[in-house]
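Chain by chain, the residues run as shown.
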Amino acid sequence: MKEIVVTPQESGEKLIRYLNRHLPEASTGFLYKMLRKKNITINKKKCSGNESISEGDHIQIFFSDETYAKMSGQKGEGTDLAASYAISKMVYSDIKERILFENEDYIAFNKRQGELSQKASDSDRSVNEILIGYLLKDGQLDENLLVTFKPSVINRLDRNTSGVILFGKTMKALQNGGEMMQTHDGNKTYRCISYLHSNCKFNEKETEISGFLTKDTERNIVKFSDFPMNSDSKDMLETVRVIQRKGDLALLEIRMMTGRSHQIRASLYHYGAPILMDPKYGDPQANRRYGQDLPGDVGQLLHAYSVELPKLGKVMAPMPETFTALMNDE
């Protein structure tokens, strides 16, 4: 018999999902069968699998050692996983400096342009891996826990978008944070530098933009329209206001009420305010004109400026140096 004690990070997860991760080689049907037969119990009581586990719960698994080893399929993997997340003292110091907010459940992190939110291939090292490494080095995460629970980013940002990214340290944070992002209770705001065409009407007052976004799969872009273009069109809503002007450039602030893919980039292009250095939705002439004074690898100048955490307040990420250099008064 194996007995597992639920950690604070795992609290709030459904039992069947926990078992799916802890015993990845066992089918869900098999696990339900074991629950019905009381070969898996919580605190020595029969359970259905739909219960939410809590910190300190004792999960008893009445398998033979051979069956348990076969079903877990990850015996001893915790140490190997921990090694893959290892970070140096210098990296740890850099991470600490970029943490905007931290409590027992969340980290709000200042993502740099060019960093991935989550890795796209095994060799990538994304914000996800960086912050897991930080928790391990800081002693907040036990390497053995990585076998059954991995903290994770909650809101993903494009590689070339900088700014606030939320990271859940516990199952409760991942569940509540995910719901917060979906319902937009987080009051997310973005800032960008846009090249203003002569027909752009944005000013210091908020302009509401509502419409529909439709993906062009062949060109891998999103098109904005006032009405649905087809059954796959998705509604969008945001507000835009001008924070600062400098010639034909403007620092804009966008408040999100929906969070569609490429929403800001496509809508600003449609309204005559394409984001500077945006390779897909930008103004090529403006990109060449201003790009000669910017680093060669800079992407679209879009920054996740703030997120409001319920009961915890607003978290803001400082504006990138590229933004301030372009918009200074010199």
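Here the structure is shown first, and the text comes after it.
Read on for an overview of the structure. (Residues numbered from 1 in each chain as written. Predicted model: local features only at pLDDT ≥ 70, side-chain atom pairs only at ≥ 80, totals over all residues. Heavy atoms only, no water.)

Here we come to the overall build of the protein chain. When its secondary structure is counted, the protein chain shows 10 helices and 14 strands. Over its C-alpha atoms, taken along the principal directions, the protein chain stretches across nearly 75 × 50 × 40 Å. For the protein chain, buried positions account for 49% of its 330 residues. Long-range contacts, defined here as pairs at least 24 residues apart, represent 64% of the contacts in the protein chain between residues at least 6 apart. (Helix = DSSP H or I, 4+ residues; strand = E, 2+ residues; numbered from the N terminus. Buried < 20%, exposed > 50% of the residue type's maximum accessible area, 1.4 Å probe, protein only. Contact = heavy atoms within 4.5 Å.)

Here we come to the pattern of salt bridges. In the structure shown here, the tally under the stated rule is 14 salt bridges. A salt bridge links Arg112 to Asp94; the shortest N-O distance between them is 2.7 Å. Taken together, the residues span a long stretch of sequence, with Arg112 in the loop between strand E5 (106–111) and helix H6 (127–137) and Asp94 in helix H5 (residues 89–98) at a distance of 18 residues. Here Arg112 falls in the partly exposed class, since its relative accessible area comes to 41%. (Salt bridge = Lys/Arg side-chain N within 4 Å of Asp/Glu carboxyl O.)

On to the packing of aromatic side chains. Summed over the entire model, instances satisfying the criterion amount to four aromatic pairs. Taken together, a centroid distance of 5.7 Å and an interplanar angle of 70° make the contact between Phe224 and Tyr271 edge-to-face. Taken as a pair, Phe224 in strand E10 (residues 221–225) and Tyr271 in the loop between helix H8 (263–270) and helix H9 (284–291) lie far apart in primary sequence, 47 residues in all. We classify Phe224 as buried; its relative accessible area is 9%. Tyr271 gets classed as partly exposed once you look at its relative accessible area, which sits at 27%. (Phe/Tyr/Trp six-rings, centres within 6.5 Å; stacked < 30°, edge-to-face > 60°.)

The next point concerns the layout of surface pockets. Empty space among the atoms can be located by rolling a probe the size of a water molecule over them. Computed from the structure, the largest pocket encloses a volume of approximately 590 Å³. Taken together, 26 residues line the largest pocket, and the ones lying closest to its centre are Arg156, Leu157, Asp158, Tyr190 and Arg260. Every element with two or more residues in the lining of the largest pocket is listed here: helix H7 (171–183) and H8. Broken down by element, the residue count for the lining of the largest pocket peaks at three residues, all from H8. (1 Å grid on protein atoms, 1.4 Å probe; cavity = no way out; pocket = protein on both sides within 12 Å on 5 of 7 lines; lining within 4 Å. Points joined across faces, edges and corners; volume = space filled by probe spheres on them.)

Here we come to the sheet that holds strand E3 (residues 58–61). An order of E1-E3-E2 is seen for the three strands of this open sheet, with the pairing classed as antiparallel. Of all the strands in the sheet, the pair left with one neighbour each is strand E1 (2–5) and strand E2 (40–42). Ignoring which end each strand starts from, the neighbouring axes of this sheet average 20° apart. (Pairing = 2+ DSSP bridges. Axes fitted to C-alpha atoms, helices over the stretch in contact; angles between N-to-C directions.)

With that settled, consider empty space enclosed by the protein. According to the stated counting rule, one finds one cavity of 30 Å³ or more in the structure shown. By volume, the largest cavity amounts to about 30 Å³. Lining the largest cavity we find Glu206, Thr239, Val240, Arg241, Glu253 and Arg255. Listing elements by their share of the lining of the largest cavity, those giving two or more residues are strand E11 (234–246) and strand E12 (249–256). Among the elements that line the lining of the largest cavity, the one with the most residues is E11, at three residues. For the lining of the largest cavity, the class distribution of residues is one nonpolar, one polar and four charged. (Nonpolar A, V, L, I, M, F, W, Y, C, P; charged D, E, K, R; others polar.)

Below, the discussion takes up the packing of H5 against H6. Between H5 and H6, the shortest axis-to-axis distance is 10 Å and the interhelical angle comes to 105°. For the element pair H5 / H6, the angle class is roughly perpendicular. On H6, the residues that touch Lys89, Tyr92, Ile95 and Lys96 of H5 are Ile130, Leu131, Tyr134 and Lys137. Here the residues of the contact of H5 with H6 are counted per class, giving five nonpolar, no polar and three charged. (Parallel < 35°, antiparallel > 145°, perpendicular 65-115°, else oblique.)

The next thing to look at is the nonpolar core. By size, the foremost hydrophobic cluster in this structure holds 49 residues, and its most contacted members are Phe202, Leu252 and Leu268. Considering each element in turn, this core owes the most residues, seven residues, to H6. Other than its neighbours up to four places away in sequence, Leu268 contacts Cys192, Ser194, Phe202, Val240, Leu252, Ile254, Ala273, Pro274 and Ile275. Among the nonpolar cores identified, the runner-up in size contains 20 residues, and Ala26, Leu31, Ile61 and Met71 belong to it. (Core = buried A, V, L, I, M, F, W, Y, C linked by side-chain atoms within 4.5 Å.)

The subject of this paragraph is the pairing of strand E14 (residues 313–316). Summarising the sheet, strand E13 (residues 302–309) and E14 pair through four bridges and their orientation is antiparallel. The residue of E14 that forms the bridge with Leu309 is Gly313. Linking two consecutive strands that pair antiparallel, namely E13 and E14, is a turn of three residues; a positive phi of about 70° is found at Lys311 within it.

The final tally for this structure, using the stated rule, is zero disulfides. Of the cysteine sulfurs around Cys192, a residue in no disulfide, the closest is that of Cys200, at 10 Å. (Disulfide = S-S within 2.5 Å.)

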